[in-house]
Amino acid sequence: MDVSESTNKKSNSHTGFLWLATFIAAMGSLLFGYDTGIVNGSLEFMAVKGQLDLTAFQQGIVSSGLTLGAAFGAIIGGPFADKIGRKKILTILGIIFSVGALGCAFATNINILIVFRFVLGLAVGSASANVPVYIAEIAPTELRGKMVTTAQVMIVSGQFVAFGVNAALTPLGAQNAAIWRWMLGLGTIPGIILWIGMYLIPESPRWLVSQGKMNKALGVLRRIRSAASVDSEMKEIQDKDKADKELNAEQATFKELISKRWVVQILITGAMLGIIQQFAGINSIMYYGGKIIQESGFDTTVAAILNAGNGFLSIVGAVLGMFTIDWLGRRKLEFAGLTICGITLVSAGVIHTVAPNASWAGITIVVLVYLYIIFFQGTLGPVTWLINSEIFPQRYRGIGTGITIFVLWIGNFIVGLLSPVLLEWNMSNTFYIFAVCCVLGIIFVALRVPETKGVPLEEIEKYFRTKYDK
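First, a word on what this report is: a plain description of the structure on this page. As the structure is a prediction and not an experimental result, all values here were calculated from the model.

What counts and what doesn't
- Residues numbered from 1 in each chain as written.
- Predicted model: local features only at pLDDT ≥ 70, side-chain atom pairs only at ≥ 80, totals over all residues.
- Heavy atoms only, no water.
- Helix = DSSP H or I, 4+ residues; strand = E, 2+ residues; numbered from the N terminus.
- Buried < 20%, exposed > 50% of the residue type's maximum accessible area, 1.4 Å probe, protein only.
- Contact = heavy atoms within 4.5 Å.
- Salt bridge = Lys/Arg side-chain N within 4 Å of Asp/Glu carboxyl O.
- Core = buried A, V, L, I, M, F, W, Y, C linked by side-chain atoms within 4.5 Å.
- Disulfide = S-S within 2.5 Å.
- Phe/Tyr/Trp six-rings, centres within 6.5 Å; stacked < 30°, edge-to-face > 60°.

Looking at the side chain of Thr269
Mapped onto the fold, Thr269 is located in helix α14 (residues 261-279). Residue classification places Thr269 among the buried residues on the basis of a relative accessible area of 1%. Not counting residues within four places of it along the chain, the set of residues in contact with Thr269 comprises Ile391, Phe444, Arg448, Val449 and Phe464.

What about the pattern of salt bridges?
The final tally for this structure, using the stated rule, is four salt bridges. The residue Glu137 makes a salt bridge to Arg86 at a minimum N-O spacing of 3.0 Å. Linking Glu137 in helix α6 (residues 110-138) with Arg86 in helix α5 (residues 86-105), this pair joins segments that are 51 residues apart in sequence. Take Arg86: its relative accessible area is 10%, and that puts it in the buried class. Across the pair Arg225 and Glu233 runs a salt bridge whose closest N-O atoms are separated by 2.7 Å. Judged by its relative accessible area of 4%, Arg225 falls in the buried class. Residues joined in a network through salt bridges with shared partners are Arg206, Arg225 and Glu233.

Side note on the environment of Thr404
With respect to the helices and strands, the residue Thr404 is situated in helix α20 (residues 394-425). Among the residues examined, Thr404 registers a relative accessible area of 1% and is labelled buried. Spatially, the C-alpha atom of Thr404 lies 5.9 Å from that of Gly270, the residues being 134 residues apart in sequence.

Structural notes on the nonpolar core
Counting 69 residues, the largest nonpolar core has Met46, Leu54, Leu90, Leu93, Phe97, Leu113 and Tyr134 as the members making the most contacts within it. The dominant element in this core, judged by the number of residues it contributes, is α6, at 10 residues. In this view, Leu90 contacts Ala25, Asn130, Val131, Tyr134, Leu194 and Met198; residues no more than four positions away in its chain are not counted.

Quick word on the state of the cysteines
All told, the structure shown has zero disulfides when counted by the stated rule. As a non-bridged cysteine, Cys437 has Cys438 as the owner of its nearest cysteine sulfur, 7.2 Å distant. With no disulfide partner, Cys438 has as its closest neighbouring cysteine sulfur the one in Cys341, 5.5 Å distant. Look at Cys438 and you get buried, because its relative accessible area is 0%.

A closer look at the packing of aromatic side chains
Under the counting rule described, the total for this entry stands at five aromatic pairs. Between Tyr372 and Phe376, the aromatic rings sit 6.1 Å apart at their centres with planes inclined by 20°, giving stacked as the arrangement. Placement of both Tyr372 and Phe376 in helix α18 (residues 361-378) is noted, with a separation of four residues, approximately one turn of the helix. A relative accessible area of 1% means that Tyr372 is categorised as buried. The buried category is assigned to Phe376, whose relative accessible area is 3%. Geometrically, the ring pair formed by Tyr463 and Phe464 is edge-to-face, given 5.1 Å between the ring centres and 85° between the ring planes. Assessed through its relative accessible area of 0%, Phe464 is described here as buried.

Structure follows, in structure tokens:
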């Protein structure tokens, strides 16, 4: 065996180990998708008399309790991980996901269920903040984009798995309405994979350097990098850590953030993008898609099977978005997504209003929902997260993105809480409301959101300073 062949084998070994670490950490993202999506099919069985006998509003509380927890999990998860480490926080999240799923499965009343859904929400929110950070910190520069976007793909994959579980178990619910306990309880399995798997993979070398643990960081780099690149990357990490600590000696505070008009305008822009993303209606469809399909004329079992398509097409949309976001630009994708989502929502609403009993109506509405999901997951879904990561200056990025993600999750909470009531009131009007929000979103993006494709971060900061610092 010559030297080059030996080097290639070692390089492939490092890459394979990195992808294993990425997959294990991304279990947190898969659980994000699973725990938000599984209520789609389980609520119907929880609501049955003899089970939890839930009203429409109580169903909204069960669903949105998780997203309320996620809002707080997102805002506290990052700082907590900075203190105890990326590996340790993800290990703890694996335990919380496992215990939370079991708690939901064995809940004897709505109060216990809500508590455990809230606990799961804390884990979901923290995972949404920490999984991409861990992957970004262990990934080499040339693989970072692919590895980090694995987290987004795993979120929609988790929803797909949830819808598949619902489709497989729903037929059993005719004889046993308690099948919802299995639906929720199966979330324990990926939780255990995350929990146990984190013991097999290393701590982030960047976090270790930030804690002054240089020898441990060097040991990790030797496991995940080729020997030729270890010393240079170690020096790069140390230099960056030194610069960050000098910068953080005067870390921005919330009081300082709101005292600068141009920074407040960035905060408003980012927060409103999160609100637009949520009030375009995606999570009403992802959480209550089964109910929407039943309202379109399909029985429970067929609705569960058709609803599994929502999860699959979410994956298709996310992958398409991954390959177009740097090609078409952020604003074009936002405009395209809001326009097409609005058109499909109005079309579905009109059909449900004027021809609800037509033989073609049900399947047409399902197709429109599918189109909506593909375009949302390929546009509004990823673009919102990306723009929020770009528009804040370095000094305000941590506190600013923490606030905007919190607002996004609160929007998710409101949509999840009110959707069952709105759908019970009138499905067509619910679609129209979300379509109006899409139109308002187009206006907001046109007036407030700059194109950030290919623009240096310093130039983005200059744009907001010039426009609002007067």
